[in-house]
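What the coordinates show
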Amino acid sequence: MSGPSAIPGSIAAVLGPYGILVRGVVSLAPGEGPLLTDGNHALAVVLLGNAGGSIWPSFRSWLRGYDGADPLDTWSKQLIRPLAEKLGATAYFPSDPPWQPFQQWAMRAEGLKPSPLGILIHPQFGLWHGYRGALGFPFEIETSVKVAEHPCDGCIDKPCLTACPVGAISRSGFDVPACRSYLGNEPGGKTCVVSGCLARNACPVGAEFRYPPEQLRFHMRALMR
Ligand code: B12
Ligand code: SF4
Ligand code: SF4
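Thresholds, definitions, all that
- Residues numbered from 1 in each chain as written.
- Chains lettered and ligands numbered in written order.
- Predicted model: local features only at pLDDT ≥ 70, side-chain atom pairs only at ≥ 80, totals over all residues.
- Heavy atoms only, no water.
- Helix = DSSP H or I, 4+ residues; strand = E, 2+ residues; numbered from the N terminus.
- Polar contact = N/O pair within 3.5 Å; in protein donor to acceptor, adjacent residues only side chain to side chain.
- Contact = heavy atoms within 4.5 Å.
- Pairing = 2+ DSSP bridges.
- Axes fitted to C-alpha atoms, helices over the stretch in contact; angles between N-to-C directions.
- Domains from an automatic or database assignment.
- Buried area = accessible area lost by both parts, 1.4 Å probe.
- Salt bridge = Lys/Arg side-chain N within 4 Å of Asp/Glu carboxyl O.
- Nonpolar A, V, L, I, M, F, W, Y, C, P; charged D, E, K, R; others polar.
- Core = buried A, V, L, I, M, F, W, Y, C linked by side-chain atoms within 4.5 Å.
- Buried < 20%, exposed > 50% of the residue type's maximum accessible area, 1.4 Å probe, protein only.
- Phe/Tyr/Trp six-rings, centres within 6.5 Å; stacked < 30°, edge-to-face > 60°.

Glancing now at the side chain of aspartate 73. Its place among the elements puts aspartate 73 in helix H3 (residues 71–87). At 2.9 Å, the side chain of aspartate 73 and the side chain of arginine 132 are in polar contact. The contact partners of aspartate 73, leaving out residues within four places of it in the chain, are Ser95 and Arg132.

This part takes up the sheet that holds strand S1 (residues 21–27). Overall, antiparallel pairing links the 4 strands, which are arranged S1-S2-S6-S3 in an open sheet. The strands lining the two open edges of the sheet, one partner per strand, are S1 and strand S3 (90–92). Taking the axes of each pair of neighbouring strands and ignoring which way they run, one obtains an average angle of 25° across the sheet. Examined bridge by bridge, strand S2 (residues 44–51) and strand S6 (residues 129–137) share 8 bridges and lie antiparallel to one another. The residue of S6 that forms the bridge with valine 45 is glycine 136. In this fold helix H4 (residues 102–110) packs onto S1, S2, S3 and S6, with an angle of close to 85° to the strand it touches most, S1.

Turning next to the domain arrangement of the chain. Taken domain by domain, the chain comprises domain 1 (4–150) and domain 2 (152–224). Using C-alpha coordinates to define each centre, domain 1 is positioned 24 Å away from domain 2. Taken together, the contact pairs 24 residues of domain 1 with 23 residues of domain 2. Here domain 1 packs against domain 2, burying approximately 2000 Å² in sum over the two surfaces, 71% of which is carbon and sulfur. Inspection of the domain 1/domain 2 interface yields 1 salt bridge. Taken together, the elements giving at least two residues each to the side of domain 1 that touches domain 2 come down to helix H2 (56–63), H3 and S6. Sort the elements by how many residues they give to the side of domain 1 that touches domain 2 and H2 lands first, with 3 residues. The residue inventory of the side of domain 1 that touches domain 2, partitioned by class, reads 13 nonpolar, 10 polar and 1 charged.

Right, let's get into the nonpolar core. One finds Ile11, Leu15, Ile20, Leu48, Leu135 and Phe137 to be the most contacted residues of the largest nonpolar core, which totals 23 residues. Elements that contribute at least two residues to this core include exactly helix H1 (7–15), S2, H2, H3 and S6. Per-element tally for this core: the top contributor is H3, with 6 residues. In this view, phenylalanine 137 contacts Ile7, Ile11, Leu36, Ala42, Leu43, Ala44, Val46, Leu87 and Ala89; residues no more than four positions away in its chain are not counted. Counting 18 residues, the second-largest nonpolar core is a separate cluster that includes Ile121, Cys179, Cys192 and Val193.

This paragraph deals with the packing of aromatic side chains. Counted under the stated rule, the structure contains 11 aromatic pairs. When the centroid spacing of 5.9 Å and the interplanar angle of 25° are considered together, the rings of phenylalanine 59 and tryptophan 62 count as stacked. Of this pair, phenylalanine 59 and tryptophan 62 are both found in helix H2, 3 residues apart, which corresponds to roughly one turn of the helix. Since its relative accessible area comes to 0%, phenylalanine 59 is described here as buried. Clustering of aromatic rings is evident, with ring pairs tying together Trp56, Phe59, Trp62, Tyr66, Trp75 and Phe218.

Given below as structure tokens:
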């Protein structure tokens, strides 16, 4: 098989061993997509990311030989950029300004919706997934989007809304300063730093995909910066 429809499979074959998964394909109207390196707009974006702790074994062993800044972004770029070059694609990364609309892309590619925490919830992986990059192409890639069921609709108790000790997660959004102040200054903040965000941990969906403790701590340290 060759041609555009084979691209997601080729990407999965290269990045899968590192735990970076093809998380979906977004079809974009002419002029709507992000800019490609040649100045035209992408017509398709392939989203790349982790589900549960899929990236952790590979990333952790790479991390042992690295002492620079932004390790997870650096690791992701080292893997995704050469593949972009090989495929004639343009690579985008979630933390690089100008921020590309990764969450909007994910909503379109996978039919996901936001949880009360702001992050998107997946019916299988719950809150335990994220995006490591995306590849833009100048042509369409055939895709079928399954409209995912939204787990929050059937969650009556919504424990994520009452688990944060300082009420940083509420229906009006995520109060970043309140969270960071608690993490950095209050004795109780250590619980979140060591075991992960209590609001995220309270969600029963995809609990088996919860990040391993070391990965949870890694992300909490990043959130504190
Ligand atoms: C800035 C940023 C932050 C900031 C501020 C977040 C905030 N709530 O204001 C900080 C540093 C605090 C942060 C923290 C975290 N973040 Co953050 N963050 C980003 C970043 C870089 C940009 C977000 C942005 O402003 N987008 C705006 C535009 C550019 O994007 P957009 O897709 O058009 O945005 C739309 C969606 O966000 C959508 N939307 C999303 N959620 C909601 C919720 C509601 C209620 C509504 C109405 C709309 C909505 O509406 C937006 C506007 O159209 C993104 C990466 C990215 N490029 O998107 C990650 C990203 C959103 N973060 C992510 C994560 C996982 C986190 C953390 C859990 C990480 C951690 N270390 O613990 C925490 C906690 C987040 C929380 N509880 O809300 C993931 C989310 C993955 C997912 N499952 O959805 C992303 C996509 C990064 C990634 N690599 O995957 N983050
Ligand atoms: S606890 Fe319930 S409302 Fe909160 S994110 Fe999980 S499923 Fe959604
Ligand atoms: S990390 Fe802790 S303080 Fe911050 S939102 Fe989660 S539960 Fe609240």
